[in-house]
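# Inside the fold
So the chains spell out like this:
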Amino acid sequence: MPHPATWLRVLPGGLFCEPGGFFIDPLRPVDRAVITHGHSDHARPGHRAVLATADTLAVMRARMGDAWESQQALGWHEPITLGGVRVWLSPAGHVLGSAQVAMEYRGSRAVVSGDYKRVADPTCAGFEPVPCDVFVTEATFALPVFVHPPPAHEIRRLLDSVALFPERTHVVGCYALGKCQRLIALLRQAGWDRPIWLHGALAPMCEVYRARGVELGDLRPATVAAKADLVGAIVLAPPGAIADRWARRLEDPVVALASGWMRVRQRAKSRGVELPLVISDHADWNELNATLDDVGAPEVWVTHGREEALIHAAAQRGIRGRALRLLGYGEEDEAEPTEGQ
C-alpha cells in the first residue's frame, strides 16, 4: 500500500491529492477543489470545479455567488472516484455542512478533518471519527489551557446576566457563519423564546440556515429598532461591531463575546468585553487528543494552529506527527485573531 505521503502533497496552492487531481480547501484558484466548509479561509472563489456538501455549496453561493464553473454536491458517506481515489465526506461538526474529506487510494486511507468540534450542535451534523492511516487535523486550540466549558453553562451565564441587569442591552459578538446560528439555537434550547435581535451583517446567513431546515425562531433587525425595544434584549453582532459606533445605539450595553479565545482573560480585557463567553466551534485540547485516539491513525499531520503541542502529545502515545504549516487558514471564525478578531 502506498503511504499517503506519496500521494498527498503540500503545494503553494494547499494540500493536493495527486492521483485524484484535486486540492482540499485550496488557498488559490485551482481546477478542482474539494471544500470542507464555507468559512472564507477554506472556501475561496475562482476554482473551476467545486465538490462539497449541499449545505456548504448553499453557504458558498450566498457568500460569493456562482464563482465557479461547476459545483457538485455529495451526501454524507456518498463515494465518488476521482482518478482512482475513492472520496467521501463525513460530518465534521464545525458549522452547517462542514465535512471531513476521506480518501482511499490503493488500500491506504487519509482523512482531512477541516475545522471540527466534538460537542453536540443543534445546527449541524455531529463529528464522526473515521479510522484511517493518516489523520490530517487542525490544532486551533491545541494547548492544555484550552478546555472549553459546556456551552449550556455559558448560555446560562448570559441569561443570568440578562436577569441581573434587565435595564441594559446585552450585545454578543459572534461570527456570521456558524457561531451566530449556534448561539440562537442554544438560547432557544435554554428557554429564551423572546425575539433575538441581529446586526444586519448576520441576517443573510441566518436565512441560509432557515432555508436548509434549521429553525431559529423570532429574529428581528436591531439596526432599525427603537432603543427602548432593546432594553433587556439580546442582540447579536459581528465581533468588530460590539465596541464600534454601531453599539452606541444600545441602552447601556453589556458587551459579550462568544469565542474559545475568551478563555484568555487578557484577550477579553483588551477588547473591552464585560461578559466573556467561552463558546467555540473548534475542538479543545481534550477533544483533539480524544479524536487522535478515536481515529486510530498511526500518523497525524497538523495543518494549522498549535502544531508543536499536539504533535508532542501524539508522540507520547506512539503517534508520528508532521506539521504542514499551511498558511492562510484562520482568517475567519476563531482561529488566531486576524480579520475581525
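Placed above this text is the structure.
Residues take numbers from 1 onward in each chain, read along the sequence in its written order. Local features in this predicted model are restricted to residues whose pLDDT is 70 or higher, and side-chain atom pairs enter the listing and the counts only when it is 80 or higher, whereas totals over whole chains, interfaces and linings include all residues. Only hydrogens and water are set aside; all other atoms, that is, all heavy atoms of the structure, feed into the side-chain values.

### Re helix α7 (residues 307-315)
Test applied: Think of it in three bands: with a 1.4 Å probe and only protein chains considered, a residue is buried below 20% of the maximum accessible area for its type, exposed above 50%, and partly exposed in between. A run of H or I in DSSP counts as a helix once it spans at least four residues, and a run of E counts as a strand once it spans at least two, with each numbered from the N terminus. Working definition: the arc comes from the directions between the helix axis and the C-beta atoms, pointing outward to the latter. By the convention used here, residues are in contact when the closest approach between their heavy atoms is within 4.5 Å.
All of the buried residues along α7 are E307, L310, I311, A313 and A314. All buried residues of α7 project into a common sector of 160° when viewed along the axis, lining one side. Contact partners of the buried residues in α7: β11 (134-139), α6 (285-295), β18 (299-305) and β19 (320-323).

### Let's talk about the pairing of strand β16 (residues 254-258)
Stated precisely, the cut-off is as follows: Strands were regarded as paired on the criterion that DSSP finds at least two bridges between them. A right-handed crossover is one whose linking path, passing over the helix from the first strand to the second, runs clockwise when the strands point away from the viewer.
Burial of β16 is extensive: five of the five residues sit out of reach of the surface. Residues V254, A256 and A258 point to one face of β16 and V255 and L257 to the other, with burial holding for every one of them. Bridge count for β16 against strand β17 (residues 275-277) is three bridges, and the pairing is parallel. In the strand pairing of β17, A256 is matched with L275. At this point the chain moves from β16, through helix α5 (residues 265-270), to the parallel β17, and the crossover so formed is right-handed.

### Considering the packing of aromatic side chains
What counts is decided by this rule: Stacked, tilted and edge-to-face are the three classes assigned to paired rings of Phe, Tyr and Trp, where Trp is represented by its six-membered ring and a pair needs centres within 6.5 Å; plane angles under 30 degrees give stacked, over 60 edge-to-face, the rest tilted.
Taken as a whole and judged by the stated rule, the model has seven aromatic pairs. Note on F141 and W261: the rings are 4.9 Å apart at their centroids and 50° apart in plane angle, and the pair reads as tilted. Placement of F141 in the loop between β11 and α2 (151-164) and of W261 in the loop between β16 and α5 is noted, with a sequence separation of 120 residues between them. Residue F141 is classed as buried on the basis of its relative accessible area, which comes to 0%. With centroids separated by 5.3 Å and ring planes inclined at 85°, the aromatic side chains of F146 and W261 adopt a geometry described as edge-to-face. On the criterion of sequence distance, the pair formed by F146 in the loop between β11 and α2 and W261 in the loop between β16 and α5 is long-range, its members being 115 residues apart. Here F146 falls in the buried class, since its relative accessible area comes to 3%.

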